[in-house]
Amino acid sequence: METHEASAVGRLPARTPAAGRLRLTAEDHRRLRRRHRARRTLQAYGFLAPNLVFFSVFMLLPCAWVVYSSFHTGGILGPAQYVGLENWKEAFKDPLVRKTLGNTFLYTVIVIPVVFVFGMVLALALQQVTRGGRLVRALLYFPTLMPVVLAALIWVFVVHPEFGLLNVAVRLAGQQSPNWLGDPHLALPTITMLEAWRGTGFYALLFLASLLALPRELFQAAELDGASAIQRFRHLTLPLMRSTFLFALVMATIWNLQLFDSVLILTDGGPMNETATIVWFIYKSLFSFGNVGYAAVLSCVLMLLILALTFVQFRLLGRRRAG
Amino acid sequence: MGNQFTRDIVESLETGRLSRRQLVARGSALGLSMSAMASLLAACGGNGSQSSAAGGGKASGTVRFIKGPHSPDELKFESKINAAFHKKYPASKVDFRTYDWAQLDAELNSAFASGNPPEVMYLINSVFPRYAVQGALQDLTPVVKEASFKQGFDAIEPFAWDLITLNNKIWGIPVLGAVYHVYVNKDLLQKAGGEDWNSSYDAMRAAAKKMTKGNTYGFAIHTEVGNSAFLNWWDWFPYMHNAGASLFNADGTACGLDTPEAAQAQQVLVDIHQDKSTPPIGQYDREGMRALFRAGRIGILHEEAGFAAELTDKPVSFHWDIALAPPGPKGQTAFGDFGFLSVPSAAKNKEGAYDFIKFWSAGPQVKWYAQQVGLMVVQKQTSDMYPDNKVLKRVQTEFVPKIKGFQSHPKINEVLQALWPSINASYRGKIDGATALKQAAEKVNSIIV
């Protein structure tokens, strides 16, 4: 006697064995598995759809428009006119493009190690704190929460030549007050200090969360085996936090290559373009100079650089496969 | 600021509480000239009788007006003018809002790109050219040249119309101006024996050197971009103009800065900085320099005319005065930055916009507004302005006629940004004045040619 049973995987094939025993062929199994997977995938896309639509409309399409604009002029106040590779050629010849890219890279390679080192030190210290840890964490994170404009304005006072905290400290040490934002050699480091102050709290908390999630028994075992604190840090902590470092490095690179707000507020690219960054130049090209195509080229260059660096970082620090 | 009695008369005229005969009687009693009274009548609808509010003009619908604020009370001042406009044109309504000066470019671009920009925009002369050449602004030549506006047109200085003219078309009605000149600490000058500082550049340099002692500086000019806004350029232009140079040549096809006279003028500024007669370059922003002057620590400061209002409202402990930079080989000029009322080409209510900009730019309105916020006007008749403030009156009547601005060009912002590092480098002693101007000219030419 043939029977049909409803099942969670869908309808049963026409042939069913007798006596309530379900026996499917390999082909049936494969077919059912495919259907199951397809249904699960469709369900997942159904939940992702709103986000995907939002992403497409507000991220993908604008990106595509930027790439399109890089081969045109105009397009905002009037119709776009195709100019081929003219914008690209101009960008590669422009010394200010090289200058802004150089400033951006210099800033990035300085600020990332600084926030990582300070963040790690603070995270290690916070790991040991038992009382008042929450308050300390909140205070550490406060600069990150602060709007950039506010942080930059605070920094204007911090570096003020006459009553700024930094110069008061410098004078107490018997030195002459530097011209932090007015000296071409000091302006970019000053902005770097501001961004390091703002960013350290975030990375400290990120590293702390990772540290707290590490398996304690490994460290206990290592301690029992006679490993020193530095050895435990070097051979256990750092390798176990590899994925956290990868995430932090990728995000830090993406964020810091887009440095803009504090430059615009503190120096507007000066003195003598020493703090001009690529995003600052994109903003100026688009809004102050009205050069839409040129700004689009610079945006594409930045996007390609970020993609390339992210790829390299994943290759170098990504998960090592076994065997 | 401003004459309360005159303001009362204007308000009475506009609301119809004052007839023509009463205007003449009261105006004469107050010492107003017949031409001033005629201007009042023309600006307020020419009638002054009860019917002016009822009859109205042709403006109708909503006129959206966007402008950068010149005062914390901007909304209050605009409301008054808008109410007067509504009285004159009862079928119209003005919807006013401000844009953020710091986000001017972004906000205006967004407004134009939306396809539904406000009917009237307040634009400055470094901004309007690139919108004009891209067709975003309405050519107002037929509007300002029509017979009914002849009086309003003739009331404005010709140089102001030249500034808003690009490609032989007029893109707005000139209304306001900010003038940039020099403030001097007379006590410091007297102590240093430098009262003749204004006779020549050499005299200015010598006086600056003598006044510099300790943390007191003889001379200050804005040198950086950023917090000083556009002051670094506006302070510098008179020296170039006094040497007969200008940013562009006559037809705007090449840079006009690289001349021997301009190089000499630039070298004077370089030498003053190398003499250490100035605050350390880039150390103080605009507010810092103002604070130093107020503290009596700067002898000669380049600043905007509006600073005089601050010095009057909060008196300082020393005697001060205003002046122009010393004359150069080709004259003595002041620098001015101007604002215009323009109409976007995509504006929906153009007729309403035209009537509004003619109304706003008329003598009584624009002069009243300017005196509220400490700005200057580009009207020919200004003797009635700033009766209570001798300094601003002097700026309006003596300095404004000597103004030379920069030529309008669609790439003006790019040009100014590009040339400045060379000028800044010369102040820092890295290159001399002639080299700075040569490099600046090369950069400018690479942009405009």
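Residues numbered from 1 in each chain as written. Chains lettered and ligands numbered in written order. Predicted model: local features only at pLDDT ≥ 70, side-chain atom pairs only at ≥ 80, totals over all residues. Heavy atoms only, no water.

Pairing is possible between side chains of opposite charge, provided their charged atoms come close. All names here are of chain B. Under the criterion given, the structure shown has 26 salt bridges over all chains. Here Glu310 ties to Arg290 by a salt bridge, and the two come within 3.1 Å at their closest N and O atoms. A residue pair is termed long-range when its members are at least 10 positions apart, and Glu310 in helix α16 (residues 307–313) and Arg290 in helix α15 (residues 286–294) qualify at 20 residues. Three or more residues joined by partner-sharing salt bridges are found here, namely Arg286, Arg290, Arg294, Glu303, Glu304 and Glu310. (Salt bridge = Lys/Arg side-chain N within 4 Å of Asp/Glu carboxyl O. Helix = DSSP H or I, 4+ residues; strand = E, 2+ residues; numbered from the N terminus.)

When two helices pack together, their arrangement is captured by the angle between the axes and the distance separating the axes. Residue and element names in this part refer to chain A. Their axes nearest at 8 Å, the elements helix α12 (residues 278–288) and helix α13 (residues 292–317) cross at an angle of 160°. Here α13 runs roughly antiparallel to α12, going by the angle between their axes. Classified by chirality, the crossing of α13 by α12 is left-handed. Along the contact surface, α12 presents Ile278, Val279, Phe281, Ile282, Ser285 and Leu286, while α13 presents Val292, Tyr294, Ala295, Leu298, Ser299 and Leu302. Partitioning the contact of α12 with α13 into residue classes produces ten nonpolar, two polar and no charged. (Axes fitted to C-alpha atoms, helices over the stretch in contact; angles between N-to-C directions. Parallel < 35°, antiparallel > 145°, perpendicular 65-115°, else oblique. Left-handed = near helix turned anticlockwise from the far one by under 90°. Contact = heavy atoms within 4.5 Å. Nonpolar A, V, L, I, M, F, W, Y, C, P; charged D, E, K, R; others polar.)

Before going further, it helps to examine the side chain of Thr244 of chain A. All names here are of chain A. Relative to the helices and strands, Thr244 is located in helix α10 (residues 242–256). Overall, the relative accessible area of 13% leaves Thr244 in the buried class. A polar side-chain atom of Thr244 sits 2.8 Å from a polar atom in the side chain of Ser210. Contacts of Thr244, omitting those with residues within four sequence positions, involve Leu206, Phe207 and Ser210. (Buried < 20%, exposed > 50% of the residue type's maximum accessible area, 1.4 Å probe, protein only. Polar contact = N/O pair within 3.5 Å; in protein donor to acceptor, adjacent residues only side chain to side chain.)

Once that is clear, we can look at the interface of chain B and chain A. At the interface, 29 residues of chain B touch 26 residues of chain A. Together chain B and chain A conceal approximately 2,300 Å² of surface at their shared face, both sides included; 52% is due to carbon and sulfur atoms. In terms of surface lost to chain A, no three residues of chain B exceed Gln134, Gln283 and Gln417 of chain B, which account for 22% of the buried area on that side. Counting across the chain B and chain A interface gives one salt bridge. Remark: the boundary between chain B and chain A carries eight residue pairs in polar contact (both at pLDDT 80 or more). (Buried area = accessible area lost by both parts, 1.4 Å probe.)

With that out of the way, let us pick up the nonpolar core. Ranked by internal contacts, the top residues of the largest apolar core, which has 151 residues, are Leu176, Trp236, Tyr239, Leu247, Trp320, Trp360 and Leu419 of chain B. Sorting elements by how many residues they give to this core places strand β6 (residues 173–185) of chain B first, with nine residues. Formed by 64 residues, the second largest nonpolar core is a distinct cluster that contains Phe116, Trp155, Met241 and Leu249 of chain A. (Core = buried A, V, L, I, M, F, W, Y, C linked by side-chain atoms within 4.5 Å.)

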